[in-house]
Amino acid sequence: MTHLECSERDCCNNKAGCCCLDTISVQGEGEHNNEAVCCSYRADSGFDNAVGEQSAAPATDIRCNESCCCHNETGCCCADRVDISECGCGPECKMFAKED
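Residues numbered from 1 in each chain as written. Predicted model: local features only at pLDDT ≥ 70, side-chain atom pairs only at ≥ 80, totals over all residues. Heavy atoms only, no water.

(A) Looking closely at the overall build of the protein. Scanning the protein from N- to C-terminus turns up zero helices and 10 strands. When the helices and strands of the protein are placed in sequence order, the string is β-β-β-β-β-β-β-β-β-β. Taken over 100 residues, the protein has a buried fraction of 39%. When contacts within the protein are restricted to residue pairs at least 6 apart in sequence, long-range pairs at least 24 apart make up 68% of them. Here the protein displays about 5,700 Å² of accessible surface, and carbon together with sulfur accounts for 47% of that area. (Helix = DSSP H or I, 4+ residues; strand = E, 2+ residues; numbered from the N terminus. Buried < 20%, exposed > 50% of the residue type's maximum accessible area, 1.4 Å probe, protein only. Contact = heavy atoms within 4.5 Å. Areas by Shrake-Rupley, 256 points an atom, 1.4 Å probe, with all protein chains shown as cover.)

Structure, rendered in structure tokens:
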């Protein structure tokens, strides 16, 4: 599992910078773009998070479709640590790095 740190405070799955989901999905934003976003992001509507009262933990499985990322191993992220934070494209994976 990867250590996930999320600064998307308006996501209903975020509790104190950790995610309540056991697994999140990250998707690339196009062939020529250098961005990948968290597809598991859900805007907080004031209700409980999407998984009820499940506790949040930094250890999270990350499924990623961005095959050109150097951290992607057959659809799973192998980075030790991943940061998700807001950018113009949405909740961006800051660890996304194209292979050389």
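(B) Geometry of the pairing of strand E10 (residues 90-93). By the bridge criterion, four bridges tie strand E9 (residues 81-87) to E10 in an arrangement that is antiparallel. Directly across from Glu86, in E10, lies its bridge partner Pro91. Counting the residues that bridge the hairpin from E9 to E10 gives two residues. (Pairing = 2+ DSSP bridges.)

(C) Local environment of the pattern of salt bridges. On inspection of all chains with the given rule, the structure shows three salt bridges. Glu92 is paired through a salt bridge with Lys94; the nearest N and O atoms lie 2.9 Å apart. Taking relative accessible area as the criterion, Lys94 reaches 41% and is therefore assigned partly exposed. Here the residues in one salt-bridge network are Glu5, Arg81 and Asp83, joined through shared partners. (Salt bridge = Lys/Arg side-chain N within 4 Å of Asp/Glu carboxyl O.)

(D) Inspection of the environment of Ala57 at higher detail. Tracing the chain through its elements places Ala57 in the loop between strand E5 (36-38) and strand E6 (59-64). For Ala57 and His3, which are 54 residues apart along the polypeptide, the C-alpha to C-alpha distance reads 8.6 Å. Not counting residues up to four positions away in its chain, the partners in contact with Ala57 are Cys18 and Cys19.

Don't take any of this as a statement about function, it's just geometry.
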